[in-house]
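# Survey of secondary and tertiary structure
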Amino acid sequence: LIYRVPRDGIIHDYSIEKLLVTDYASLDKYRNQLADYHLNITNHYTLNYLSKYASSLMLSVEATFKNIKDMIKNRKYNTEVLVYGRIELMLMKYCPLNTIVNKDKVCSICKNDNKYYLKDRNNKFYPLENNNETHSTSILNCNITNNISNIEELRKCGVTNFRIEFFDENYEEAKDIIERVMNKL
């Protein structure tokens with residue numbers, strides 16, 4: 001089990017064996033853990049520097065094949081790329097549901113199992129993911145990143161790990177995605 005460290009700016013104490021570190025302060029405190037895409041690794045200088053702190057480095061979700069080739073070229077790193085999932089676009093230190101629906105009064109909307117979305121002017125729905133521990137809300141991309149068909153090319157570039165992040169996929173969808181990734185490996 002891997003626990004994602006909250007991006008709340010607070011250094012927490014964890015007794016968990018594997019952490020997915022999302023900020024530089026936590027990466028300094030929890031050495032040899034997994035570096036998340038929030039660290040925005042986009043070049044070999046950053047990759048080389050952070051390799052001293054993390055056991056696995058997730059490359060920026062914005063990195064192209066050329067970026068990835070240039071970063072990893074002739075170097076041995078334990079790197080990771082998101083091949084399926086929704087990317088976090090924004091982190092808010094408050095709950096928009098509470099502000100809009102309850103006018104900042106005591107609220108329990110986020111504590112139910114319902115899914116909530118923001119709809120833009122083009123009728124695209126952006127999922128909201130609430131973190132009750134940190135009282136923060138993430139806005140996720142309306143589009144799902146799907147690079148499963150690129151796994152072979154990514155392996156040729158030197159990528160060693162491939163991440164899948166599920167949000168609202170049902171059992172059958174998740175099973176199909178996992179099988180597709182496993183077939184590419």
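Whatever comes next refers back to the structure up there.
Residues numbered from 1 in each chain as written. Predicted model: local features only at pLDDT ≥ 70, side-chain atom pairs only at ≥ 80, totals over all residues. Heavy atoms only, no water.

## Some points on the overall build of the chain
We count it as follows: Only runs of H or I of at least four residues qualify as helices and only runs of E of at least two qualify as strands under DSSP, and these elements are numbered from the N terminus. This radius of gyration counts C-alpha atoms alone. The globule rule is 2.2 Å times how many residues there are, raised to the power 0.38. Here's how the labels work: a residue is buried when its accessible area is under 20% of the maximum for its type, exposed when over 50%, partly exposed in between, all with a 1.4 Å probe on protein chains only. We call two residues contacting when some pair of their heavy atoms lies within 4.5 Å. In this description, accessible areas are obtained by the Shrake-Rupley approach with a 1.4 Å probe, and a residue is regarded as covered only by the protein chains that are shown. As used throughout, the charge tally considers Lys and Arg to be positive and Asp and Glu to be negative, leaving His and the chain termini uncounted. Positions of charges follow a simple convention, taking NZ of Lys, CZ of Arg, CG of Asp or CD of Glu.
The helix and strand tally for the chain stands at six helices and eleven strands. For 185 residues, the compact-globule formula gives about 16 Å, and the C-alpha radius of gyration of the chain, at 18 Å, lands near that figure. For the C-alpha atoms alone, the extent of the chain along its principal axes is close to 55 × 35 × 30 Å. The buried share of the chain, taken over its 185 residues, is 42%. A separation of at least 24 residues holds for 50% of the contacts in the chain among residues at least 6 apart in sequence. For the chain, the accessible surface area stands at approximately 11,300 Å², while carbon and sulfur atoms represent 49% of it. Averaging the positions of the 26 positive and the 24 negative side-chain charges in the chain gives two centres separated by 5 Å.

## Remarks on the pairing of strand β5 (residues 79–85)
For clarity, the threshold we go by: Strands pair, by our definition, only if DSSP identifies at least two bridges between them.
Along β5, seven of the seven residues are buried, which leaves the element largely enclosed by surrounding structure. With two bridges connecting them, strand β4 (residues 54–58) and β5 associate as parallel partners. Looking at β5, one finds that L57 is bridged to T79. The sheet contact formed by β5 and strand β11 (residues 161–164) spans four bridges and is parallel. Bridge pairing links Y84 to I164 in β11.

## Looking at helix α3 (residues 65–72)
So the rule is basically this: Read the arc as the range of directions from the helix axis to the C-beta atoms.
Taken as a whole, α3 has its buried residues at I68, M71 and I72. Taken around the axis of α3, the buried residues stretch over an arc of 80°, which confines them to a single face. Contact partners of the buried residues in α3: α2 (44–50), β5 and α5 (151–157).

## Here's the deal with helix α6 (residues 171–184)
The condition that has to hold: Here the expected span of a helix is defined as 1.5 Å times the quantity of residues minus one. A 3.5 Å cut-off defines polar contacts: any pair of N or O atoms within that distance qualifies, except that in protein one atom must be a possible hydrogen donor and the other a possible acceptor, and neighbouring residues in sequence count only when both atoms are side-chain atoms.
With 14 residues, α6 should reach 20 Å at 1.5 Å per residue; the first-to-last C-alpha distance of 20 Å fits that figure. For α6, the complete set of buried residues consists of A174, I177 and V181. For α6, the angular spread of the buried residues around the axis is 65°, confining them to a single face. Along α6, the residues that are exposed and aim more than 90 degrees away from the buried face are Y171, E172, M182 and N183. Close packing links the buried residues of α6 with β5, α5 and β11. Between a side-chain oxygen at the N-terminus of α6 and the backbone nitrogen of E172 the separation is 3.0 Å; the capping residue is N170.

## Some points on the nonpolar core
The cut-off we apply is this: Remark: nonpolar core denotes a set of buried residues (Ala, Val, Leu, Ile, Met, Phe, Trp, Tyr, Cys) joined through side-chain atoms within 4.5 Å.
Counting residues in each nonpolar core, the largest one holds 31 residues, and the members touching the most others are L47, L57, L59, I68 and M71. Of all the elements in the fold, those that place two or more residues in this core are β2 (18–21), α2, β4, α3, β5, α5 and α6. Those residues in contact with M71 that sit more than four places away from it in its chain are I41, T42, N43, H44, L47, L59, A63 and Y77. Residues C95, L97, Y126 and I139 belong to the second largest nonpolar core, which totals seven residues.

## Considerations on the pattern of salt bridges
As a reminder of what qualifies: For this document, the term salt bridge refers to a Lys or Arg side-chain nitrogen within 4 Å of an Asp or Glu carboxyl oxygen.
Here the structure, examined in full by the defined rule, presents twelve salt bridges. The shortest N-O distance in the salt bridge between E88 and R7 comes to 2.5 Å. Remark: R7 occurs in the loop between β1 (2–4) and β2 and E88 occurs in strand β6 (residues 88–92); sequence separation between them is 81 residues. The shortest N-O distance in the salt bridge between R180 and D176 comes to 4.0 Å.

## Focus on the pairing of strand β9 (residues 136–140)
The element β9 is extensively covered by neighbouring structure, given that five of its five residues are classed as buried. Going residue by residue along β9, you find S136, S138 and L140 tucked away on one face and T137 and I139 tucked away on the opposite face as well. Direction of pairing for β6 relative to β9: antiparallel, over a ladder of four bridges. For L91, the partnering residue across the bridge sits in β9 and is S138.

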